[in-house]
Amino acid sequence: MERPELTLQLTIDCADPQRLVPFWLDALRYVPDPPPAGHATWRAYWEAIGVPEDELGEDAGDLPESIVDPKGVGPRVWFQHVPEPKTVKNRVHLDLKVGGGREVPLAVRRERVDGEVARLTALGATVLYTMDEPNGMDYYAVVLQDPEGNEFCLV
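As a starting point, this report considers the structure included with it. (Residues numbered from 1 in each chain as written. Predicted model: local features only at pLDDT ≥ 70, side-chain atom pairs only at ≥ 80, totals over all residues. Heavy atoms only, no water.)

Observations regarding the nonpolar core
Turning to step 1, where the next piece is worked out: Trp24, Ile67, Phe79, Leu120, Leu144, Phe152 and Leu154 are the most contacted members of the largest nonpolar core, which has 22 residues in total.
Turning to step 2, where the next piece is worked out: Elements represented by at least two residues in this core include exactly strand S1 (9-14), helix H1 (17-28), strand S4 (76-81), helix H4 (106-122), strand S7 (140-145) and strand S8 (151-154).
Turning to step 3, where the next piece is worked out: When residues in this core are grouped by element, the largest group, six residues, is from H1.
Turning to step 4, where the next piece is worked out: Residues within four places of Phe79 in sequence aside, it is in contact with Ile12, Cys14, Pro17, Leu20, Val21, Trp24, Glu65 and Ile67. (Core = buried A, V, L, I, M, F, W, Y, C linked by side-chain atoms within 4.5 Å. Buried < 20%, exposed > 50% of the residue type's maximum accessible area, 1.4 Å probe, protein only. Helix = DSSP H or I, 4+ residues; strand = E, 2+ residues; numbered from the N terminus. Contact = heavy atoms within 4.5 Å.)

Some points on unusual backbone geometry
Turning to step 1, where the next piece is worked out: Of note, the phi angle at Arg29 is positive, near 60 degrees, even though the residue is not glycine.
Turning to step 2, where the next piece is worked out: Mapped onto the secondary structure, Arg29 falls in the loop between H1 and strand S2 (31-32).
Turning to step 3, where the next piece is worked out: Owing to a relative accessible area of 51%, Arg29 belongs among the exposed residues under this scheme.

Quick word on the sheet that holds S7
Turning to step 1, where the next piece is worked out: Strand order across the open sheet formed by four strands is S5-S8-S7-S6, with mixed pairing between neighbours. Two strands close off the open sheet at either side, each with one partner strand: strand S5 (94-96) and strand S6 (126-132). Here the strands of the sheet are splayed against their neighbours by 25 degrees on average, with no regard to which way each runs.
Turning to step 2, where the next piece is worked out: Direction of pairing for S7 relative to S8: antiparallel, over a ladder of four bridges. Counterpart to Gln145 in the pairing with S8 is Glu151.
Turning to step 3, where the next piece is worked out: H4 contacts S5, S6, S7 and S8 of the sheet and is inclined by roughly 10 degrees relative to S7. (Pairing = 2+ DSSP bridges. Axes fitted to C-alpha atoms, helices over the stretch in contact; angles between N-to-C directions.)

See the structure below:
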């Protein structure tokens, strides 16, 4: 039996997709995922393929809820509206690798990470803590939260 093509979508549960989409568009340097050809919105597409109104919700698909990597490399990210608030630490989180890796000198990585921290906090992120290992360790990362409290790291 032939296996179907596998694609990866990262789904982020949230209270307000329209609050998180602009933040993550900038953070990941993504673009809104356009609706399929011939449809003005995702809602119009879902209605055209017969998704029941009670599954769509009041404003689902009228504004972008999914974002994609314009280079086609990273996964699609869907911001799924859920009624319950975030209550505990994420068990899965994003690492945004902006430092360049361990082959880049620590001082350069720190400067790159700190520059991205400044950019993302201006967009609404909050710094939780810095992982700066003293005693000869060659590691530097900053843990942040997006505007709804989802943790992610800049490395």
